[in-house]
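Coordinate inspection notes
Letter by letter, the chains look like this.
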There are 2 protein chains.
Amino acid sequence: MAQQTLEVLQSTDLKPKPDSSELAFGKYFTDHMFMMDYAADKGWQRPRIVPYQPLTMDPSAMVFHYGQTVFEGLKAYRMSDGDIRLFRPEENFKRMNHSSERLSIPPIDEDLMLDYLKELVKLEKEWIPTEPGTSLYIRPMIISTEESLNVAPSNTYTFMIILSPVGSFYKEGINPVGIFVEDEYTRAAPGGTGNAKTAGNYCAAYKAQERATANNKAQVLWLDAIEKKYIEEVGSMNVFFKIDGEIHTPVLNGSILEGITRKSVIELLEHLEMPVQERQISMDEVIAAHEAGTLQEVFGTGTAAVISPVGSLQYKDQDYVVNNGKMGETAKQLYETLIGIQTGRLKDPFGWTVMLEA
Amino acid sequence: MAQQTLEVLQSTDLKPKPDSSELAFGKYFTDHMFMMDYAADKGWQRPRIVPYQPLTMDPSAMVFHYGQTVFEGLKAYRMSDGDIRLFRPEENFKRMNHSSERLSIPPIDEDLMLDYLKELVKLEKEWIPTEPGTSLYIRPMIISTEESLNVAPSNTYTFMIILSPVGSFYKEGINPVGIFVEDEYTRAAPGGTGNAKTAGNYCAAYKAQERATANNKAQVLWLDAIEKKYIEEVGSMNVFFKIDGEIHTPVLNGSILEGITRKSVIELLEHLEMPVQERQISMDEVIAAHEAGTLQEVFGTGTAAVISPVGSLQYKDQDYVVNNGKMGETAKQLYETLIGIQTGRLKDPFGWTVMLEA
Ligand SMILES: Cc1ncc(COP(=O)(O)O)c(C=O)c1O
Ligand SMILES: Cc1ncc(COP(=O)(O)O)c(C=O)c1O
């Protein structure tokens, strides 16, 4: 896409901002959004920041029928001194293009998108909450809009970025969560869309989440589609195991989403001289480590929670308590370091944070 | 849902109807649509027929992000004498509820929906083309509409039925199609959403379709996700094989969509004393039959094409021609009989057609 002038149409009717205490995940949206359209004969065009507004969509718009869509999720933090930080945003646009490739959606210009995102976040800076643990959640998304029931890639798309102030994931402190190991429903198979961030992967997981909830567990641990034996992810997070002093995580195999927090944790631990073993990990092996007393920690990684310690695993009607249901020291160290870097309380030796001049 | 009065708001601005020769698949829509809303605290409510119109959707509407949606596809035929026929519509609403179950979408009242559909089709009867091979395509659909980025089933939905006059699938007579046997990309895995008619399954198939097209083949033949060995479906059709005088089709295994044409073909062949073997069929077996000269016919079944003969199969860079690239006698007989029953030219001994009084 050729550089095109970003049009900015400011809202004249600003909304009241919710109180920090009322914040939930993705419930409130800011005054403005970014939009851009794609047409097969014109490419991506008309980048614009406009008042947050409903879309007018024909019932035949392809997204409703054939689900061709991708999205991203990242956060902006604002410190009390007014500084705004984004965490590795270029990774999100890179992953978005990777997802789009799988879904036959045309790629975006990653650098340009980052520029537009920065403009949008600067415009909405008063919306970034500053209470500890709060942040501005950023949702870039592409939907297919062609008005046709033909089962084929759309010729038109809309790219949007919407922003939502979100509360602390850990309002009552970090409590390790219970995990239900799902061995019937499948999230993703080799050759499927598991490593793309696309809508269909998420609704497909609701039935398993229902089973987890019915078992009083917070999240689902997904096993591989083929043998229902190897660990893939936990809910919308990647997962790490500390076994006998070493950290292990499932290797990216094509059906696991390539988490940016996962990548950061691996780089951080490398830096701390605790290299992570990326490999195939079977559930049997985890249970054996538990029996042997060497399963020291389990934790999930993702943008929403950053680090989410796991306190128990339910597998085939057996419950396995991890680290006495307490957060482990590695999870704690990772959490503090990542949150510290993201919010600017700690130095960022990696160049992960992108500062926005206010 | 309690019986609620169907509200009918007639359009005052009727659109010109496209000429039969211009018809394509799902390109033109009629003057009216059916709509109904769901809210967790109220159930399905406000059934109404309204002018065909765009939807107003918040960018945060769940369908754009997590893809929770289901749909159906069936046809209405109108004979020159004005009679309108639907083909097994109750099966579509039954399958829709089955799909909804998998996607954690609340069920609809199947009988009521059929009543509403009849009203809608009667109102739009002038839109049903009458040229041989044409029909009115009916697309019932449910989309999730809650305005939240929370990864969980929506609390609100919209059910719609839109109608599209469609041209003949076989404008230039029935020409058998070439098929590309896909052995990398996966359509559906056990425990996934393959036997639900939901958006995410369709966009996930575009990459494989690209490969088929690049190989000059019209459609993809899908293999099972686990061993990439057993035959599942062809494009958006179920598939049948005539080997040594006997008809075989893959058994419904949870990842195959339960086609209504498939079911009708099985019932019809049963009636004709040619029972169908529903079983696991490997690609190797089909190739072996081809080599032995016993692979007599291959054909797909689905609402769009009814019966689609397969003229060749490309598998691992080898091309296997079926029946000299000609339509076989069983496919021909099935096509004529089904189309005959659907359009009313032949008697319907099965009670499959639903007649609408004009
Ligand atoms: C399925 C899935 N896995 C893992 C992750 C974690 O990725 P990230 O660390 O980039 O947020 C996410 C969330 O983005 C996800 O949706
Ligand atoms: C994936 C898939 N398989 C098979 C079919 C055939 O089903 P039916 O005969 O009900 O049209 C369809 C189309 O509806 C489909 O989408």
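Residues numbered from 1 in each chain as written. Chains lettered and ligands numbered in written order. Predicted model: local features only at pLDDT ≥ 70, side-chain atom pairs only at ≥ 80, totals over all residues. Heavy atoms only, no water.

An unreviewed UniProt entry lists chain A under the name Branched-chain-amino-acid aminotransferase, with Geomicrobium halophilum as the source organism. Under the UniProt heading Cofactor (unreviewed entry), the entry covering chain A gives this text: "pyridoxal 5'-phosphate". According to the UniProt record, the Sequence similarities (unreviewed entry) comment for chain A reads "Belongs to the class-IV pyridoxal-phosphate-dependent aminotransferase family." (UniProt positions renumbered as here; feature names shortened; annotations may be inferred.)

Taken together, the 56 residues of chain B in the interface contact 56 residues of chain A. Salt-bridge contacts for Lys207(B) lead to Glu101(A); the nearest nitrogen and oxygen are separated by 3.0 Å. Of all elements in the fold, only β4 (55–57), α1 (62–66), β5 (69–71), α2 (89–102), β8 (135–144), β9 (156–166), α4 (199–203) and α5 (206–214) of chain B reach the threshold of two or more residues within the side of chain B that touches chain A. Taken together, the residues of the side of chain B that touches chain A sort by class into 32 nonpolar, 16 polar and 8 charged. (Contact = heavy atoms within 4.5 Å. Salt bridge = Lys/Arg side-chain N within 4 Å of Asp/Glu carboxyl O. Helix = DSSP H or I, 4+ residues; strand = E, 2+ residues; numbered from the N terminus. Nonpolar A, V, L, I, M, F, W, Y, C, P; charged D, E, K, R; others polar.)

All names here are of chain A. In the vicinity of ligand 1, 15 residues are found, and the nearest of them are Tyr202, Glu233, Ile260, Thr261 and Thr303. Contact between ligand 1 and Arg95: an oxygen atom at 2.8 Å from a side-chain N or O atom of the residue. Between an oxygen atom of ligand 1 and a main-chain N or O atom of Ile260, the distance comes to 2.8 Å. A total of 390 Å² of accessible area belongs to ligand 1 in isolation, and the protein chains cover 96% of it. Contributing elements (two or more residues each) for the shell around ligand 1: α6 (260–271) and β16 (295–302). Of the residues that constitute the shell around ligand 1, the class distribution is 4 nonpolar, 7 polar and 4 charged. (Near = heavy atom within 4 Å. Polar contact = N/O pair within 3.5 Å; in protein donor to acceptor, adjacent residues only side chain to side chain. Areas by Shrake-Rupley, 256 points an atom, 1.4 Å probe, with all protein chains shown as cover.)

Residue and element names in this part refer to chain A. Domains assigned within chain A are domain 1 (7–166) and domain 2 (177–342). Computed from C-alpha atoms alone, the centre-to-centre distance between domain 1 and domain 2 is 28 Å. Contacts between the two partners involve 21 residues from domain 1, matched on the other side by 23 residues from domain 2. Roughly 1,900 Å² of surface becomes buried between domain 1 and domain 2 when both sides are summed, with 56% attributable to carbon and sulfur atoms. Together, Phe71, Phe87 and Arg95 form the three largest contributors to the area buried by domain 1 at its contact with domain 2, with a combined 32%. (Domains from an automatic or database assignment. Buried area = accessible area lost by both parts, 1.4 Å probe.)

We now examine the relation of the copies chain B and chain A. In the superposition of chain B on chain A (RMSD 0.0 Å, axial shift 0.0 Å), the rotation amounts to 180°. What we have between these two chains is a two-fold relation. Minimal C-alpha distance to the rotation axis in chain B is attained by Gly200(B), lying at 2.1 Å. In this assembly the copies share their binding face: 100% of the residues contributing to the interface of chain B also contribute to that of chain A. (Least-squares fit on C-alpha atoms with pLDDT ≥ 70 in both.)

This next bit is on helix α3 (residues 110–123) of chain A. Within an α-helix, residues lying three or four positions from one another point in the same direction, as the helix has 3.6 residues per turn. Residue and element names in this part refer to chain A. Its 14 residues place the ends of α3 20 Å apart at the C-alpha level, agreeing with the 20 Å of an ideal helix rising 1.5 Å per residue. Three or more residues of α3 are buried, namely Leu112, Met113, Leu114, Tyr116, Leu117, Leu120 and Val121. The distance from a side-chain oxygen at the start of α3 to the backbone nitrogen of Asp111 is 3.1 Å, and the residue carrying that oxygen is Asp109. (Expected span 1.5 Å × (residues − 1). Buried < 20%, exposed > 50% of the residue type's maximum accessible area, 1.4 Å probe, protein only.)

Take the site of ligand 2 next. All names here are of chain B. In the vicinity of ligand 2, 15 residues are found, and the nearest of them are Tyr202, Glu233, Ile260, Thr261 and Thr303. Within the side chain of Glu233, a nitrogen or oxygen atom sits 2.4 Å from a nitrogen atom of ligand 2. In the complex, 96% of the free accessible area of ligand 2, which totals 380 Å², lies under the protein chains. Elements with a contribution of two residues or more to the shell around ligand 2: α6 (260–271) and β16 (295–302). Residue composition of the shell around ligand 2, grouped by class: 4 nonpolar, 7 polar and 4 charged.

Before going further, it helps to spend a moment on the nonpolar core. Judged by nonpolar contacts, the single largest core of 115 residues is most densely connected at Phe64(A), Phe159(A), Phe34(B), Phe64(B) and Phe159(B). Once you skip the residues sitting within four places of it in the chain, Phe159(B) turns out to touch Phe34(B), Met35(B), Met36(B), Trp44(B), Phe93(B), Met96(B), Ile108(B), Met113(B), Pro140(B), Met141(B) and Ile142(B). Tyr170(B), Val276(B), Met283(B) and Ile307(B) belong to the second largest nonpolar core, which has 45 residues in total. (Core = buried A, V, L, I, M, F, W, Y, C linked by side-chain atoms within 4.5 Å.)

With that settled, consider the packing of aromatic side chains. Under the defined criterion, the tally for this structure stands at 27 aromatic pairs over all chains. Consider the rings of Phe34(B) and Tyr116(B), whose centres lie 5.0 Å apart with planes at 20°: the pair is stacked. With Phe34(B) in strand β2 (residues 32–39) and Tyr116(B) in helix α3 (residues 110–123), this pair connects stretches of sequence that are 82 residues apart. For Tyr116(B), a relative accessible area of 3% gives the class buried. Between Phe34(B) and Phe159(B), the ring centres sit 5.8 Å apart and the planes meet at 75°, which makes this aromatic pair edge-to-face. Placement of the pair is Phe34(B) in strand β2 and Phe159(B) in strand β9, with a sequence separation of 125 residues. Take Phe159(B): its relative accessible area is 0%, and that puts it in the buried class. An aromatic cluster of at least three residues, connected via ring pairs, comprises Phe34(A), Tyr38(A), Trp44(A), Tyr116(A), Tyr157(A) and Phe159(A). (Phe/Tyr/Trp six-rings, centres within 6.5 Å; stacked < 30°, edge-to-face > 60°.)

Now for the pairing of β9(B). Residue and element names in this part refer to chain B. Counting buried positions along β9 gives 10 out of 11 residues, so the element sits mostly inside the fold. Pairing between β2 and β9: 6 bridges, direction antiparallel. Residue pairing in the sheet places Ala39 in a bridge with Thr156 of β9. As judged from the 10 bridges shared by β8 and β9, these two strands associate in the antiparallel manner. Opposite Ile142, over in β9, you have Phe159 as the bridge partner. (Pairing = 2+ DSSP bridges.)

Glancing now at unusual backbone geometry. You will see that Asn323(B), though not glycine, has its phi angle at about 50°, which is positive. Positionally, Asn323(B) belongs in the loop between β18 (318–321) and α8 (329–343).

It is worth spelling out α6(A) at this point. All names here are of chain A. Helix length check: α6 (12 residues) gives 16 Å between terminal C-alpha atoms against 16 Å at 1.5 Å per residue, within 8%. Taken together, the buried positions of α6 are Ile260, Thr261, Arg262, Ser264, Val265, Ile266, Leu268 and Leu269. Phi for Glu273, located one or two positions after α6, is positive at around 55°.

Moving on, we come to the side chain of Glu91(B). Checked against the element boundaries, Glu91(B) lands in helix α2. Among the residues examined, Glu91(B) registers a relative accessible area of 13% and is labelled buried.

The next thing to look at is the pattern of salt bridges. All names here are of chain A. Considering all chains together, one arrives at 36 salt bridges over all chains under this definition. Arg48 is the partner of Asp37 in a salt bridge, and the nearest nitrogen-oxygen pair spans 3.0 Å. Of the two residues, Asp37 sits in strand β2 (residues 32–39) while Arg48 sits in strand β3 (residues 43–51), which places them 11 residues apart along the sequence. Accessibility assignment for this pair places Asp37 and Arg48 in one class, buried. Between Glu72 and Arg95 there is a salt bridge, with the nearest N and O atoms lying 2.8 Å from each other. You can see Glu72 sitting in the loop between β5 (69–71) and β6 (74–78) and its partner Arg95 sitting in helix α2 (residues 89–102), a full 23 residues away along the chain. Look at Arg95 and you get buried, because its relative accessible area is 11%. Salt bridges sharing common partners tie together Glu182, Asp183, Glu184, Arg211 and Lys316.

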